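Overview (structure and organization)
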Amino acid sequence: MNIEFKDIKTVGDLKKVLEKLELSDDSPIKLFYDYDLTSTEDTKLVRDTLAKSNGNLRYEIHEIRQSESDQLSIYLKFL
């Protein structure tokens, strides 16, 4: 079963997502970043964000997907 959730911004949103997922306790979790680092524009954005962050990068959960292989994929983007 493929399930997708977009723009999870609060703990309440995250609780709703987790309640709807049918995952076992040993299901793998994979994190992805919402940037194509082969793109010059995205590479500049990442470098600029790193330079401004002072070592404190902030992300939001852009998307959560449950795949048919019982894997949880979380896609992040910079705030």
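As a starting point, this report considers the structure included with it.

Cut-offs applied
Residues numbered from 1 in each chain as written. Predicted model: local features only at pLDDT ≥ 70, side-chain atom pairs only at ≥ 80, totals over all residues. Heavy atoms only, no water. Helix = DSSP H or I, 4+ residues; strand = E, 2+ residues; numbered from the N terminus. Expected span 1.5 Å × (residues − 1). Buried < 20%, exposed > 50% of the residue type's maximum accessible area, 1.4 Å probe, protein only. Arc of directions from axis to C-beta. Contact = heavy atoms within 4.5 Å. Polar contact = N/O pair within 3.5 Å; in protein donor to acceptor, adjacent residues only side chain to side chain. Pairing = 2+ DSSP bridges. Axes fitted to C-alpha atoms, helices over the stretch in contact; angles between N-to-C directions.

We now examine helix 2 (residues 40–53). Spanning 14 residues, helix 2 covers 20 Å between terminal C-alpha atoms, matching the ideal 20 Å at 1.5 Å per step. Those residues of helix 2 lying buried are Asp42, Thr43, Val46, Thr49 and Ser53. Buried positions in helix 2, seen along its axis, are confined to an arc of 130 degrees and lie on one side of it. Away from the buried face of helix 2 by more than 90 degrees, exposed residues Thr40, Glu41, Lys44, Arg47, Ala51 and Lys52 are located. As for helix 2, its buried residues are in contact with strand 4 (72–78). Two to three positions downstream of the cap, the backbone nitrogen of Glu41 sits 3.3 Å from a side-chain oxygen, assigning the N-cap of helix 2 to Ser39.

In spatial order, the strands read 1-3-4-2; together these four strands make up an open sheet with mixed pairing. With partners counted over all chains shown, the strands left at the sheet margins are strand 1 (3–8) and strand 2 (29–33), one partner each. Averaged over neighbouring strand pairs, the angle between their axes works out to 20 degrees when direction is ignored. Against the sheet, helix 1 (residues 11–20) makes contact with strand 1 and strand 3 (59–66), and its axis sits at roughly 175 degrees relative to strand 1, the strand it touches most.

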